[in-house]
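# Fold and geometry: a report
These are the residues of each chain, in order.
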Amino acid sequence: MTAAPDGPLTAHGGPPAAHDGPPAAHAGPLTAHDGLPAAHAGYLTARDRPGPVPRTAPETALSVRQVLTLERVLAGEPEVVAGADRLDRPVRWVHVAEAADVGVMLSGGEMVLTTGVLLAGDEEKQAEYIRSLHRADAAAVVLGLGRAFPAPPDVMRRAAERCGLPLVVLHRPFPFAELTEEVQSRLVRQKFASVSLSEAVRTALTALITAGAPLQALLDEIARHSACPVVVTNLAHRVLATAGERSAVDDVLRDWERIARQAGGSEGDGWIRAGLGGRGEIWGRLVLCGHRGDAATGRLLADRAAEALVLHRMLGGHGGVTWEEQSAQSLLTDLVGEAVPARQLLPRARAAGLPVNRRTFVPLVARGAEPAGLDRLLRLLGLPGLVAELSDGLTAILLSLPRDQDADALTAHFAARLHREAARPGPVAGPDTGAPPPPGHGPGPGAARARAGGTSGRVRAVVAAAAARTDWDEVPAGLREARHVADAVADSATARDLPAVVRLGDVHLRGLMRLLRDDPRVQSFAERELDGLLFEATATGTAHDLLDVLRTYLATGRNKSRTARLHHVSRPALYRRLEAIQGRLGVDLDDFEQAASVHIALLAHDAQQR
């Protein structure tokens with residue numbers, strides 16, 4: 001329904017008539033499709049009532065405006081004589097009451113129907129009647145004109161205007177029982193629909209939890225039912241996860257902290273929050289952002305969703321990975337994958353607590369380190385950043401540093417501290433607090449792998465870095481470069497010395513082969529050069545030792561003594577193996593060009609195995 005113009009509209013849709021009088025004193029017919037205007041009062045005719053509106057969700061709670069458009073009410077020719085700007089008040093119930101002190105019997109939200117028979121002739125009672133309803137927070141009062149009041153009483157109209165209470169008169173009264181019956185039945189149906197929605201949400205979320213679904217699947221289901229963006233935060237307003245239409249979520253996150261602290265403080269604008277916690281402790285919030293349904297239905301939906309999320313966390317959903325880790329993993333994975341432009345991910349990064357204004361971004365990828373330990377080390381060193389596991393053994397780290405700080409020096413300090421921590425048992429961490437992890441937050445998947453080389457020092461943690469960036473749009477390329485470097489040194493950490501921070505210039509030919517490993521020409525070259533060894537290794541399984549010897553011999557610069565020591569064999573035994581290798585490959589490894597060709601082929605072959 002659209003707002004009506006200043007003036008009455010005839011039932012035939014004619015132009016509005018000009019008037020200079022106060023809005024409340026003016027009476028004129030209105031059609032239902034023009035709405036009940038805030039500017040003036042008017043009639044509603046039954047002929048112009050709105051048709052049914054198809055719905056995909058439970059109807060919102062009835063408002064005063066909606067009650068006045070019901071067929072039974074329209075037949076009574078309702079006229080709003082006061083409080084026309086308050087017609088969106090929700091109606092909780094409908095009562096018929098004639099007593100002057102009816103307010104003491106109300107609990108708020110009622111539409112009161114009266115003929116005023118006990119108020120006629122006493123203006124003080126009339127004014128007090130309106131004031132008592134206002135004190136009781138009634139939704140509206142409907143007065144049936146007749147013997148007691150043949151015309152709208154001016155005293156009640158003025159009192160209602162002062163109190164901001166909608167006052168409606170019926171020019172053609174009808175049995176109030178018909179109206180109370182219809183409104184009550186509608187309210188009961190809507191209550192039942194809300195309860196049905198609540199149970200549907202509970203059932204759907206419970207099914208997802210029992211199936212071991214990740215947090216994102218639960219939030220997507222909540223967003224589907226609520227038809228608005230859904231945000232999960234910690235108590236510091238840091239966004240842990242979101243769901244809903246992407247453009248709407250981005251709008252919400254663009255200035256998240258300010259919006260969350262200001263608009264999020266009230267449910268009047270559709271922001272509905274539910275605490276997440278247990279055992280008397282709140283550790284997060286679920287926020288429905290801009291819920292368009294009635295507040296009661298939204299509150300019920302938010303509460304059911306919060307219960308499910310708490311259960312999901314307590315049961316250790318998604319392999320025991322914390323929500324903070326899932327949030328960082330989702331963001332960094334999207335950055336690396338380029339499925340979403342970096343510019344569109346900026347609101348998510350800012351809402352996740354990563355400083356993004358006037359910063360220097362350092363993309364890192366660590367191999368052989370536990371993500372949780374790396375995150376603790378960042379906090380211990382006071383370095384702002386995000387940490388997330390990309391794949392088995394690889395962890396992405398995105399540092400966000402002030403532009404006046406030396407990014408290379410801080411990166412080197414982080415890597416050096418990581419290597420020192422790796423030299424002693426246990427995961428990379430700060431001082432042990434002795435506090436147990438939250439329910440369901442035991443060691444994540446990375447716990448089964450090398451803990452930053454911190455078990456016995458056999459596996460050395462590798463920190464690969466790309467050049468620092470000041471442009472957020474260049475961060476994805478930096479993360480891919482760092483990952484490429486980490487992959488390139490995956491099998492060489494024990495074969496040769498590496499700097500504390502490995503960069504693209506440190507991986508040389510190995511990095512190039514890693515980059516070109518999917519090229520068919522490179523694959524063909526590697527197969528052709530190594531065919532003699534690879535065929536026998538596949539057919540008999542006896543040539544794997546020879547491949548290992550060849551790999552070590554070439555990696556050590558064809559140093560026979562060192563190769564023999566690394567393989568714990570005598571020099572004569574090594575010579576026999578080298579002769580066997582040369583015989584199968586048909587090459588002379590003392591010839592530099594032939595040895596280089598075999599070395600390149602072996603590097604390409606190794607790159608294809610990962």
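Residues numbered from 1 in each chain as written. Predicted model: local features only at pLDDT ≥ 70, side-chain atom pairs only at ≥ 80, totals over all residues. Heavy atoms only, no water.

### Observations regarding the sheet that holds strand E8 (residues 230-234)
This is how it is decided: When DSSP finds two or more bridges between two strands, those strands count as paired. Runs of H or I in DSSP of at least four residues are treated as helices and runs of E of at least two as strands, each being numbered from the N terminus. Axis lines are fitted to C-alpha atoms, over the contacting stretch for helices. Their N-to-C directions set the angle, which ranges from 0 to 180 degrees. Whether two residues are in contact is decided by their heavy atoms: any pair within 4.5 Å suffices.
The 4 strands lie next to each other as E9-E8-E11-E10, forming an open sheet whose pairing is antiparallel. Edge positions in the sheet fall to strand E9 (239-243) and strand E10 (272-278), since each has one partner strand and no second. For this sheet the average axis-to-axis angle between neighbouring strands, irrespective of direction, equals 20 degrees. Relative to E9, E8 runs antiparallel, the two being bridged by 4 bridges. Considered in E9, the bridge of Val-230 is made with Ala-243. Here helix H7 (residues 246-253) sits on the sheet in contact with E8 and E9, set at roughly 150 degrees to E9. Of the strands in this sheet, E8, E10 and strand E11 (281-288) are in contact with helix H9 (residues 295-314), which crosses E10 at around 25 degrees.

### Describing the sheet that holds strand E13 (residues 385-391)
Strands sit in the order E13-E14-E12-E15-E16 across an open sheet of 5 strands; the sheet is mixed. One side of each edge strand has no neighbouring strand; the edge strands of this open sheet are E13 and strand E16 (501-502). Where strand E12 (residues 359-367) lies against strand E14 (residues 394-402), 9 bridges are found, and the strand directions are antiparallel. Bridging across to E14, Ala-366 finds its partner in Thr-395. Strand contacts of helix H10 (residues 323-337): E13 and E14, with the helix running at about 70 degrees to E13, the strand carrying the most contacts.

### Concerning the packing of helix H5 (residues 176-210) against H9
Inclusion rule: For classification, angles of less than 35 degrees are called roughly parallel, those exceeding 145 degrees roughly antiparallel, those between 65 and 115 degrees roughly perpendicular, and all remaining angles oblique. Note on convention: near helix rotated counterclockwise from far helix by under a right angle means a left-handed crossing. Clockwise means right-handed. For this classification, Asp, Glu, Lys and Arg are treated as charged, while Ala, Val, Leu, Ile, Met, Phe, Trp, Tyr, Cys and Pro are nonpolar and the rest, including Gly, are polar.
Running from N to C, H5 and H9 point in directions that differ by 15 degrees, and their axes come no closer than 10 Å. With respect to their mutual orientation, H5 and H9 come out roughly parallel. Like other packed secondary-structure pairs, H5 and H9 cross with a definite hand, here right-handed. Taking contact as the criterion, the partners of Ser-194, Val-195, Leu-197, Ser-198, Val-201, Arg-202, Leu-205 and Ile-209 in H5 are, on H9, Thr-297, Leu-300, Leu-301, Arg-304, Ala-305, Glu-307, Ala-308, Leu-311 and His-312. Tallied by class, residues from the contact of H5 with H9 come to 10 nonpolar, 4 polar and 3 charged.

### Notes on the pairing of strand E15 (residues 462-465)
This is how it is decided: Burial classes: relative accessible area under 20% of the type maximum marks a residue as buried, over 50% as exposed, and values in between as partly exposed (1.4 Å probe, protein chains only).
Covered by surrounding structure in E15 are Val-462 and Ala-464 together with Val-463 and Ala-465, the residues of both alternating faces. As defined by bridge partners, E12 adjoins E15 across 4 bridges and the pair is classed as antiparallel. If you follow Leu-364 over to E15, its bridge partner there is Ala-465. Bridge analysis of E15 against E16 gives 2 bridges, and the strand direction is parallel. By the bridge assignment, Val-463 is partnered in E16 with Val-501.

### Describing helix H19 (residues 560-567)
Stated precisely, the cut-off is as follows: Under this definition, polar contacts are N or O atom pairs within 3.5 Å; protein pairs additionally need one hydrogen-donor-capable and one acceptor-capable atom, and for neighbouring residues in sequence, both atoms have to be side-chain atoms.
Two or three places before Ser-561, at the start of H19, stands the capping residue Asn-559, its side-chain oxygen 3.2 Å from that residue's backbone nitrogen. Looking one or two residues beyond H19, the residue adopting positive phi is His-568, at roughly 55 degrees.

### Structural notes on the nonpolar core
Filter applied, for reference: As used in this record, nonpolar core signifies buried Ala, Val, Leu, Ile, Met, Phe, Trp, Tyr and Cys residues forming a set joined through side-chain atoms within 4.5 Å.
Ranked by internal contacts, the top residues of the largest apolar core, which has 33 residues, are Leu-332, Leu-335, Leu-354, Leu-398, Trp-472, Val-475 and Val-502. Looking at this core, the elements that each hand over two or more residues are H10, helix H11 (342-351), E12, E13, E14, E15 and helix H14 (475-488). For this core, the leading source of residues is H14, giving 6 residues. Residue contacts for Leu-332: discarding those within four places in its chain leaves Leu-386, Val-387, Ala-388, Ala-396, Leu-398 and Leu-479.

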